[in-house]
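Listed here are the chains, written in short residue letters.
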Amino acid sequence: MQDLIDKIDKQKLPRHIAIIMDGNGRWAEEKGEDRLFGHFHGVASVRNIIEGSAELGIEYLTLYAFSTENWDRPQQEVDGLMSLLVDTIRKEISVLNKNNIKLHVIGDMQMLPEFAKEALQEALEMTSQNTGLNLIMALSYSSRWELENAVKNIAFDIEAGKIKASDINQNTLPQYLTTSNFPDPELMIRTSGEYRISNFLLYQLAYAELYFTNTRWPDFRKENLYEAILDFQGRERRFGKTGRQIQATEEPSS
Ligand code: IPE
Ligand code: IPE
Ligand code: MG
């Protein structure tokens, strides 16, 4: 694993990595177990990836843990996931504090059961002074929910005279998104072999590099994260320009 870490250029780390943690259910079913068994084992990966990101010095890590669409899963699975979430948060607060990790949550919190809201609130408060890795949990999150709210709030602010419609520009919408305090992800990872975005950060991923792996989330560990970062570092990010233009700006001036 150390050889992988050594290969990573620490000056060119993505500031923000976003991960769609997928494949818990299939991982469990392939072992003849209940889907919740997969979610339970997925927590070990969450811990490992948070630790790996913090060690590398990644500034922002967003983990897609539960989508607004996931509320439509069988009640038993939803209930199991909520209990797991609360148990994990309670257990991990001290570890987050020990590692100077600040927790954030994005999503439709109103949908969460009361006991989950309380646990989250407590964790947010208890880690609010930390200055290291920003851990952003996307919970009951979807981009369409987020965009609907953003547009509504812009309209309210226009009605209230706080902003003028004619002043809206490309900086306006991002300020109304749940991610207004974070830079856009530069690297988006999805595990378990699905090639889709599933309503995750549609606006914010505009120029993210996408990395897909067949590894199921419960098997995903630091070395898999390092491989994704190395792959990212091997790419040329052109932002609409030509490769030659990009190379010209990267050449050291002499
Ligand atoms: C991701 O794993 C976790 C959540 C969506 C909560 P899944 O539960 O989607 O696992 P698969 O995709 O069915 O294998
Ligand atoms: C996306 O995974 C949401 C999370 C990982 C939390 P899903 O498993 O719900 O996505 P689809 O349904 O396969 O697109
Ligand atoms: Mg899935």
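Here is what the cut-offs are and how they apply
- Residue numbers restart at each chain and count upward from 1, following the sequence in its written direction.
- Here the convention is simple: chains get letters from A, ligands get numbers from 1, in the order in which they are written.
- Predicted model: local features are reported for residues with pLDDT of at least 70 only, side-chain atom pairs are reported and counted for 80 or more only, and whole-chain, interface and lining totals are derived from all residues.
- Side-chain metrics rest on all non-hydrogen atoms present in the structure, leaving aside hydrogens and water.
- Distances are taken per atom, and a residue is near a molecule or strand as soon as one of its heavy atoms is within 4 Å of it.
- A 3.5 Å cut-off defines polar contacts: any pair of N or O atoms within that distance qualifies, except that in protein one atom must be a possible hydrogen donor and the other a possible acceptor, and neighbouring residues in sequence count only when both atoms are side-chain atoms.
- Method remark: on a 1 Å grid restricted to protein atoms, a set of points is classed as a cavity if a 1.4 Å probe fits but cannot get out and as a pocket if it is open with protein on both sides within 12 Å along at least five of seven lines; lining residues have an atom within 4 Å of a point.
- Each molecule is checked against the cavity or pocket grid, and it sits inside if more than half of its atoms lie within 2 Å of the grid points.
- In DSSP terms, a helix is any run of H or I states spanning at least four residues, a strand is any run of E spanning at least two, and both are numbered starting from the N terminus.
- Classification used: nonpolar for Ala, Val, Leu, Ile, Met, Phe, Trp, Tyr, Cys and Pro, charged for Asp, Glu, Lys and Arg, polar for all others including Gly.
- Grid points are joined across faces, edges and corners, and a volume is the space filled by probe spheres set on the points.
- Accessible areas in this description were obtained via Shrake-Rupley with a 1.4 Å probe; residue shielding takes into account the shown protein chains only.

(A) Looking closely at the site of ligand 1. In the vicinity of ligand 1 lie 13 residues, with D22, G25, R26, R35 and R73 positioned nearest. Contact between ligand 1 and D22: an oxygen atom at 2.8 Å from a side-chain N or O atom of the residue. Between ligand 1 and R26 there is a distance of 2.7 Å, counted from an oxygen atom to a backbone nitrogen or oxygen. A majority-of-atoms criterion places ligand 1 in the largest pocket. Among the elements that make up the shell around ligand 1, the one with the highest residue count is helix α2 (residues 24-30) (three residues). Of the residues in the shell around ligand 1, the class split is three nonpolar, five polar and five charged.

(B) Layout of the layout of surface pockets. Reported here for the largest pocket is a volume of approximately 1,000 Å³. In terms of lining, the largest pocket is formed by 46 residues, of which the most central are M21, V46, Y64, A65 and M137. When residues of the lining of the largest pocket are traced back to their parent elements, those giving at least two are α2, α3 (35-56), β2 (60-67), α4 (75-98) and β4 (134-141). Of the residues forming the lining of the largest pocket, the biggest block, 10 residues, is contributed by α3. Along the lines of polarity and charge, the residues of the lining of the largest pocket split into 23 nonpolar, 11 polar and 12 charged. The volume enclosed by the second largest pocket comes to roughly 300 Å³.

(C) Looking closely at the site of ligand 2. Near ligand 2 the following residues occur: I20, M21, D22, Y64, A65, F66, N70, R73, R190, R196 and S198. Interatomic distance of 3.2 Å between a side-chain N/O atom of D22 and an oxygen atom of ligand 2. Within the side chain of R196, one N or O atom sits 2.8 Å away from an oxygen atom of ligand 2. About the coverage of ligand 2: the protein hides 78% of its 390 Å² of free accessible area. When atom positions are compared with the pocket grids, ligand 2 is found to occupy the largest pocket. In terms of residue count, β2 provides more of the shell around ligand 2 than any other element does, three residues in total. Considered class by class, the residues forming the shell around ligand 2 number five nonpolar, two polar and four charged.

Keep in mind that these numbers describe shape and distance, not what the molecule does.
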